[in-house]
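A closer look at the structure
Single-letter residue listing:
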Amino acid sequence: MVKTKKVPLRKSVVSNAQFPKKALLRIVCNKAGEISIDPTGKAPGRGAYIAIKNDEALQAKQRRVFDRVFQTTIADNFYDELILYVDHQVEREKLATVTYSIDEAPEI
């Protein structure tokens, strides 16, 4: 009998929907009160998760979700950095699924 591995689920603070942990981006607040993006998911501090989707990042900025979650005031440039990071990750994901035939491959 093969054991099935349990997939850890986390809730997005923007949509309140549960996703597999790997499909989310962790935002962490350390003891010094610094807020940062945690791509590894292992930085020390209190973490909150957001789905790696463009609309969730935009909603996070509009609703200032992380201000509420971490009970502090966060500068707009953090939200802008978050939006750029999520956009970049979404584009990377799209590229990973693209396949070219030899005729369509871009010239290097």
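What you see as residue numbers is a count from 1 along each chain, following the sequence as written. The predicted origin of the model limits local features to residues at a pLDDT of at least 70 and limits the giving and counting of side-chain atom pairs to 80 or more, whereas totals for whole chains, interfaces and linings rest on all residues. The side-chain quantities take in all heavy atoms of the structure and omit both hydrogens and water.

A short note on the packing of aromatic side chains
Between the rings of Phe, Tyr and Trp (Trp by its six-membered ring), a pair exists once the centres lie within 6.5 Å; its type follows the angle of the planes, with under 30 degrees stacked, over 60 edge-to-face, and the other angles tilted. Inspection of the entire model under this criterion finds four aromatic pairs. When the ring of phenylalanine 66 is compared with that of phenylalanine 70, the centres are 6.1 Å apart and the planes differ by 15°; the resulting orientation is stacked. Exposure categories follow from relative accessible area, calculated using a 1.4 Å probe and restricted to protein chains: below 20% of the type maximum is buried, above 50% is exposed, and the middle band is partly exposed. For phenylalanine 66, a relative accessible area of 0% translates into the label buried. Judged by relative accessible area, which is 9%, phenylalanine 70 ranks as buried. Summarising the aromatic geometry, the rings of phenylalanine 78 and tyrosine 79 are spaced 5.9 Å apart at their centres and angled 70° between planes, so their arrangement reads as edge-to-face. Both residues of the pair, phenylalanine 78 and tyrosine 79, count as buried. Linked through ring pairs, Phe66, Phe70, Phe78 and Tyr79 together constitute an aromatic cluster.

Things to note about the pattern of salt bridges
Salt bridges are defined by distance alone: a side-chain nitrogen of Lys or Arg within 4 Å of a carboxyl oxygen of Asp or Glu. All told, the structure shown has five salt bridges when counted by the stated rule. Among the ionic pairs, arginine 26 bridges to aspartate 38, the shortest N-O distance being 2.7 Å. Of this pair, arginine 26 sits in strand E3 (residues 24–29) while aspartate 38 is found in strand E4 (residues 35–38), placing the two residues twelve residues apart along the sequence. Arginine 26 gets classed as buried once you look at its relative accessible area, which sits at 10%. Taking relative accessible area as the criterion, aspartate 38 reaches 5% and is therefore assigned buried. A salt bridge links lysine 94 to glutamate 91; the nearest nitrogen and oxygen atoms lie 3.4 Å apart. Numbering of helices and strands runs from the N terminus, with a helix taken as a DSSP run of H or I at least four residues long and a strand as a DSSP run of E at least two residues long.

Focus: the UniProt feature "domain: YlxR" (unreviewed entry) in the protein chain
Following the UniProt record, the feature "domain: YlxR" (unreviewed entry) maps to residues 10–82 here. For the annotated span residues 10–82, helix accounts for 30% and strand for 29% of the residues, and the straight-line distance between the end C-alpha atoms is 19 Å. UniProt positions are given in the numbering used here, feature names are shortened, and annotations may be inferred rather than shown by experiment.

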